[in-house]
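Architecture and fold: a report
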Amino acid sequence: MVDAMIKNGCLVAAPTGDLAQVDGADALFQRSVIAMTVPKGSFIYNRELGAGEYPENEEKLSLVLREATAFDENAAVRVTRIGENSVTAVVTINGESRETEVRQFGSI
């Protein structure tokens, strides 16, 4: 799988001027983070993409984020901290874990 690289919510340009790309595990993790940050139903081309409302409870929020990443049967999500404007979660895909900060943004 290959995808355009996104950093801080923006597409990244390669030195050649084209879009930088991510592939393999990096693309899978990026896809999961996108699914967790987009409000469910806001992407016109795939209304199933995204996460529902972020509850204040860590356990319930883990369930919401797991549901958002359900497209990948090898993905698991565990919330480790709920901040004022963000959530820290450990995403595991195919046995590899990465900690990431997640914020629910507006529609795409």
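Residues numbered from 1 in each chain as written. Predicted model: local features only at pLDDT ≥ 70, side-chain atom pairs only at ≥ 80, totals over all residues. Heavy atoms only, no water.

**Observations regarding the side chain of Ser 32**
Inspection of the secondary structure puts Ser 32 in helix α1 (residues 24-37). Leaving out residues up to four positions away in the same chain, Ser 32 has contacts with Thr 69, Phe 71, Val 91 and Ile 93. (Helix = DSSP H or I, 4+ residues; strand = E, 2+ residues; numbered from the N terminus. Contact = heavy atoms within 4.5 Å.)

**Details of the packing of aromatic side chains**
Scanning the entire structure with this criterion turns up one aromatic pair. Measuring from centroid to centroid gives 5.6 Å for Phe 43 and Tyr 45, while their planes differ by 70°, and the two rings are edge-to-face. You can call Tyr 45 exposed: its relative accessible area is 72%. (Phe/Tyr/Trp six-rings, centres within 6.5 Å; stacked < 30°, edge-to-face > 60°. Buried < 20%, exposed > 50% of the residue type's maximum accessible area, 1.4 Å probe, protein only.)

**A closer look at the layout of surface pockets**
Empty pockets left among the atoms are what a rolling probe the size of a water molecule brings to light. If you add up the space inside the second largest pocket, you get close to 170 Å³. Taken together, 13 residues make up the lining of the second largest pocket; nearest its centre are Tyr 54, Gly 83, Glu 84, Asn 85 and Ser 86. (1 Å grid on protein atoms, 1.4 Å probe; cavity = no way out; pocket = protein on both sides within 12 Å on 5 of 7 lines; lining within 4 Å. Points joined across faces, edges and corners; volume = space filled by probe spheres on them.)

**Some points on the side chain of Thr 37**
Mapped onto the secondary structure, Thr 37 falls in helix α1. Residue class for Thr 37 comes out buried when judged on its relative accessible area of 12%. Side-chain polar atoms of Thr 37 contact the backbone oxygen of Ile 34, separated by 3.1 Å. (Polar contact = N/O pair within 3.5 Å; in protein donor to acceptor, adjacent residues only side chain to side chain.)

**Remarks on helix α2 (residues 58-68)**
Those residues of α2 lying buried are Leu 61, Ser 62, Val 64, Leu 65 and Ala 68. In an axial view of α2, the angular spread of the buried residues amounts to 160°, which keeps them on one side of the axis. Exposed residues on α2 whose side chains face more than 90 degrees from its buried face are Glu 59, Lys 60 and Glu 67. Close packing links the buried residues of α2 with α1, β5 (75-82) and β6 (87-93). By the N-cap criterion, in which a side-chain oxygen at the helix start approaches the backbone nitrogen of a residue two or three places on, α2 is capped by Asn 57, the distance to Glu 59 being 2.7 Å. (Arc of directions from axis to C-beta.)

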